[in-house]
Amino acid sequence: MTSFNREKAAPLAIAVSASVLAAVTAAAFLVGSSSVSLGDLVAWATGGDVSASAKSILVNVRLPRVLAALLAGGALAVAGAIIQAVLDNPLASPNIIGINSGAGLFVLIAASVFPSALWLPPLAAFAGALATALIIFGISLGASTSRLTVVLAGIAITSVFGAGMNTILIVNPDAYIGSSAFLVGGLAGVLMDDLWWPAVYIAAGKLNIMALGDDTAHALGMNVGACRLAMLGLAAVLAGAAVSFAGLLGFVGLIIPHLVRFFVGHDNRIVLPLSAVSGAAFVVVCDLLARVLFAPYEVPVGILMAFLGGPFFIYLILKNRRGSLE
């Protein structure tokens, strides 16, 4: 596909992604262990009369879960697109280079020390994500550091932080309710109270990215240290906030930016917003499939993403070895 065709395809890709997002979001509200009719959904959304049981399902179960999927998907996809651009490394993503694990470790530490501070996990997740991002950024600046070296360093950091998280949960099993789902990534049991602070951080991060406008796209394509560090900080905000309520969801930030760039090219003015929409739709679809594929059982959505993302990562490594990775 030529660059001209990709530019022409951008408006169509945005329209299609937005339409898919709307459709899968509606499906996520309707489908589950207890189904809700389309009429009930429309009535609830428009303020009409709806049965008490349907309203309870929509408000207490579906709404927080769908919002969590939208927030996590959009945040992780944009974070991945930024990290790949800042590090100039198509193999990088929040989970591959250890940013998710750093955020997760700090969340568990915060939950152990201050269990009642609901506002603290997103802030702790950001601190852990930022610390890890800075370590990786420093490694990437090495004179002879290859792309694969950065990835391997990230995998090593992930292992260390993973050991730290497991140690906390062994010593203090009650440190985090639902810790098993947290370690693989899952949205079951997410409450609206879990989303307020992360939503603020994610909104602030995305607004800052939008405010930078053309300067963002320009700086991500150049070696402008201060701006690249600032963008890496915004990526840490997005990834950390998502991890604070969704756990260690993997591969969203790897898969989605690559698919977006395949269809619309490398212009970050298009890649970043389209990654947000596509990432949100991707996580909503994956979470919906995790709910229904093995009914009446449910698997954490992170397991399904690992099945999808692992082969994709291997494909990218093999493609990179041939020197043809864009």
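Because the structure is a prediction, the values reported are computed rather than measured. (Residues numbered from 1 in each chain as written. Predicted model: local features only at pLDDT ≥ 70, side-chain atom pairs only at ≥ 80, totals over all residues. Heavy atoms only, no water.)

## A few points about the overall build of the protein chain
A count of helical and extended segments in the protein chain gives 13 helices and zero strands. The linear arrangement of helices and strands in the protein chain, starting from the amino end, is α-α-α-α-α-α-α-α-α-α-α-α-α. Expressed as a percentage of the 326 residues in the protein chain, the buried residues total 49%. Considering only intrachain contacts with a sequence separation of at least 6, the fraction spanning at least 24 residues in the protein chain is 77%. (Helix = DSSP H or I, 4+ residues; strand = E, 2+ residues; numbered from the N terminus. Buried < 20%, exposed > 50% of the residue type's maximum accessible area, 1.4 Å probe, protein only. Contact = heavy atoms within 4.5 Å.)

## What to know about the packing of helix α4 (residues 99-113) against helix α6 (residues 147-171)
Two numbers describe how α4 lies on α6: the axes approach to 9 Å, and their chain directions differ by 20°. It follows from the interaxial angle that α4 and α6 lie roughly parallel. Taken as a pair, α4 and α6 cross one another with a handedness that is left-handed. In this structure, α4 uses S101, G102, G104, L105, L108, I109 and S112 to contact α6, whose residues at the interface are T158, F161, G164, M165, I168 and L169. In terms of residue class, the contact of α4 with α6 is built from seven nonpolar, six polar and no charged. (Axes fitted to C-alpha atoms, helices over the stretch in contact; angles between N-to-C directions. Parallel < 35°, antiparallel > 145°, perpendicular 65-115°, else oblique. Left-handed = near helix turned anticlockwise from the far one by under 90°. Nonpolar A, V, L, I, M, F, W, Y, C, P; charged D, E, K, R; others polar.)

## Considerations on the packing of helix α11 (residues 252-264) against helix α12 (residues 268-292)
Packing of α11 against α12 brings their axes to within 9 Å, and their N-to-C directions diverge by 125°. Classified by the angle their axes make, α11 and α12 are oblique. Read as a crossing pair, α11 and α12 show a hand that is right-handed. Contacts between α11 and α12 involve V252, I255, I256, P257, V260, R261 and V264 from the first element and I270, V271, L274, S275, S278, G279, F282 and V283 from the second.

## Side note on the packing of aromatic side chains
Applying the stated rule across the entire model yields four aromatic pairs. A ring pair is formed by F29 and W44, whose centres lie 5.7 Å apart and whose planes are at 50°; its orientation type is tilted. Separated by 15 residues along the polypeptide, F29 in helix α1 (residues 3-30) and W44 in helix α2 (residues 38-45) bring together distant segments of the chain. The class for F29 is buried, based on a relative accessible area of 10%. Their ring planes at 35° and their centres at 6.4 Å tell us that W197 and Y201 sit as a pair that is tilted. In this pair, W197 and Y201 both sit in helix α8 (residues 196-212), four residues apart, roughly one turn of the helix. Look at W197 and you get partly exposed, because its relative accessible area is 41%. (Phe/Tyr/Trp six-rings, centres within 6.5 Å; stacked < 30°, edge-to-face > 60°.)

## Details of the environment of K206
For K206, the position within the fold is in helix α8. Looking at K206, the relative accessible area reads 24%, which means it is partly exposed. Discounting chain neighbours no more than four positions away, the residues touching K206 are G74, A75, L238 and A276.

By themselves, these figures tell us nothing about what the structure is for.
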